[in-house]
Amino acid sequence: MASYQALAAGRTGVPLLAPGHVWLAGAGPGDPGLLTLDAVAGLAQADVIVHDALVDKRVLAMAGAQARLEFAGKRGGKPSAAQSDISRRLIELARAGERVLRLKGGDPFIFGRGGEEAGALADAGVPFRVIPGVTAGLAALASAAIPATLRGVNRAIIFATGHGEEEAFDWAPLVRTGQPLVLYMAMHRLEAIRDALVQGGCAPDMPVAIIASATLPTERVLISTLGRVADDVREAAIEPPAIVVVGEIVNARDRLLQIVALAGMR
Ligand SMILES: C[S@@+](CC[C@H](N)C(=O)[O-])C[C@H]1O[C@@H](n2cnc3c(N)ncnc32)[C@H](O)[C@@H]1O
């Protein structure tokens, strides 16, 4: 707790994780430097930390000595723990009087099923609090020197999931906005998504960036075009987790990297 208190010296009090309460917290994209102070407070106080696969082990290493770690997520292609089982476990732990930290990658309410877990806790009458995290869709762009918004280029940015079947989702209205797309969980369906975007009117030479393992020492960035990206990803053997950015904002990267290099920051 000491390091958290030092960091939080400017705050008016450390939020307390009470027995029987759940904090549904975001752990950010991986780099422990992107944790919020409240997430660190949760790590320090929790009796039990129920975490997803994408929570970095250096983040988990910040847990207090009293904390037990429980894994609840997808690992090595094996099926995920059922969402209802995870929610049930959170409720069970809270009712047993534990201080529970439910730690999810990125932000708990962005493509992380945090909404379902919060709903289940609310239905069960378990007191909970939601602690936002830095979502991968923002962190990956910043880490790769791609501005999420750029005056004169875009007025909006669209977060979408690539997970799911094409029939169930019409990409054309998103393409018609002319605004950049930031896609989560799209790596396994790059061809299908490319085809749907091109059919929806997106130019095959639209710039695309793939940012894999963003903010981690293993981060990789691939710059391509919509038409080529699936082949380029295969050739470069880029693995998930990754964010896919489709849009003109990707073109700003080169200039920004030159400036960063001039300042000796990379
Ligand atoms: C189940 S979603 C969870 C998203 C998370 N709640 C968030 O706000 O970032 C998992 C997807 O997030 C993206 N992701 C998470 N961490 C990432 C990272 N460090 N680098 C790139 N993409 C990441 C990938 O698209 C991955 O498939």
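Keep in mind that what you see is a predicted model, and the values were worked out from it rather than measured. (Residues numbered from 1 in each chain as written. Predicted model: local features only at pLDDT ≥ 70, side-chain atom pairs only at ≥ 80, totals over all residues. Heavy atoms only, no water.)

(A) Main features of the layout of surface pockets. Of the voids in this model, the second largest pocket is the one considered here, and its volume is about 160 Å³. Lining the second largest pocket are 13 residues; nearest its centre among them are G178, Q179, P180, M206 and G247. Residues belonging to the lining of the second largest pocket are distributed by class as follows: eight nonpolar, four polar and one charged. (1 Å grid on protein atoms, 1.4 Å probe; cavity = no way out; pocket = protein on both sides within 12 Å on 5 of 7 lines; lining within 4 Å. Points joined across faces, edges and corners; volume = space filled by probe spheres on them. Nonpolar A, V, L, I, M, F, W, Y, C, P; charged D, E, K, R; others polar.)

(B) Molecular detail of unusual backbone geometry. Following P240, the chain continues into P241 via a peptide bond in cis, with omega recorded as 5 degrees. Along the chain, P241 falls in the loop between α9 (229–236) and β10 (242–246). The residue A145 is not glycine, and still its phi comes out positive at about 60 degrees. In this structure, A145 sits in the loop between α6 (136–143) and β6 (158–161). A residue is classified by how much of its surface remains accessible, and A145, at 11% relative accessible area, is buried. Positive phi is not limited to glycine here, since A237 has a value of about 55 degrees. Locating A237 in the fold gives a position in the loop between α9 and β10. Residue classification places A237 among the partly exposed positions, given a relative accessible area of 46%. (Helix = DSSP H or I, 4+ residues; strand = E, 2+ residues; numbered from the N terminus. Buried < 20%, exposed > 50% of the residue type's maximum accessible area, 1.4 Å probe, protein only.)

(C) Representation of the packing of aromatic side chains. Scanning the model with the defined rule gives three aromatic pairs in all. With a centroid separation of 5.7 Å and 70 degrees between ring planes, the pair formed by F159 and Y184 is classed as edge-to-face. With F159 in strand β6 and Y184 in strand β7 (residues 181–184), this residue pair connects regions lying 25 residues apart in the sequence. Using a relative accessible area of 28% as the deciding quantity, one classes F159 as partly exposed. Its relative accessible area of 8% is what places Y184 among the buried residues. Linked through ring pairs, F111, F159 and Y184 together constitute an aromatic cluster. Its end group placed over the ring of W23, R129 keeps NZ or CZ at 5.1 Å from the ring centre. (Phe/Tyr/Trp six-rings, centres within 6.5 Å; stacked < 30°, edge-to-face > 60°. Lys NZ or Arg CZ within 6 Å of the ring centre and 35° of its normal.)

(D) Region of interest: empty space enclosed by the protein. Considering all chains together, one arrives at one cavity of 30 Å³ or more under this definition. Approximately 50 Å³ is the volume attributed to the largest cavity. Along its surface, the largest cavity is lined by L183, L190, I193, R194, L197, V208, L226, V229, V244 and V246. Going through the elements one at a time, α8 (190–199) and β10 are the ones with two or more residues in the lining of the largest cavity. With four residues, α8 is the single largest residue contributor to the lining of the largest cavity. Along the lines of polarity and charge, the residues of the lining of the largest cavity split into nine nonpolar, no polar and one charged.

(E) Expanded view of the nonpolar core. W171, L183, L197, I210, V244 and V246 are the most contacted members of the largest nonpolar core, which has 27 residues in total. Those elements that provide at least two residues to this core are β6, α7 (172–176), β7, α8, β8 (207–212), α9 and β10. Aside from chain neighbours lying at most four places away, what touches L183 is A160, W171, I193, A242, I243, V244 and V246. In terms of nonpolar packing, the next biggest core, distinct from the first, is built from 18 residues, L17, A27, A46 and V55 among them. (Core = buried A, V, L, I, M, F, W, Y, C linked by side-chain atoms within 4.5 Å. Contact = heavy atoms within 4.5 Å.)

(F) Spatial organisation of the environment of G247. Positionally, G247 belongs in the loop between β10 and α10 (253–262). It is 9.9 Å that separates the C-alpha atoms of G247 and V175, two residues lying 72 residues apart in sequence. Excluding residues within four positions of it along the chain, G247 makes contact with P180, M206 and P207.

(G) Main features of the sheet that holds strand β5 (residues 128–131). If you walk across this open sheet you meet the five strands as β3-β2-β4-β1-β5, and the pairing is parallel. Strands at the two margins of the open sheet, each flanked by one partner only, are β3 (68–71) and β5. Each strand of the sheet is rotated relative to its neighbour by a mean of 20 degrees, with strand direction disregarded. Across four bridges, the pairing between strand β2 (residues 48–51) and strand β4 (residues 100–104) is parallel. Paired with V50 across the bridge in β4 is R102. In the packing of helix α4 (residues 83–95) onto the sheet, the strands contacted are β1 (22–26), β2, β3 and β4, and the crossing angle to β4 comes to about 155 degrees. Along the sheet face, helix α5 (residues 114–124) touches β1, β4 and β5 and points at about 170 degrees away from the line of β1. (Pairing = 2+ DSSP bridges. Axes fitted to C-alpha atoms, helices over the stretch in contact; angles between N-to-C directions.)

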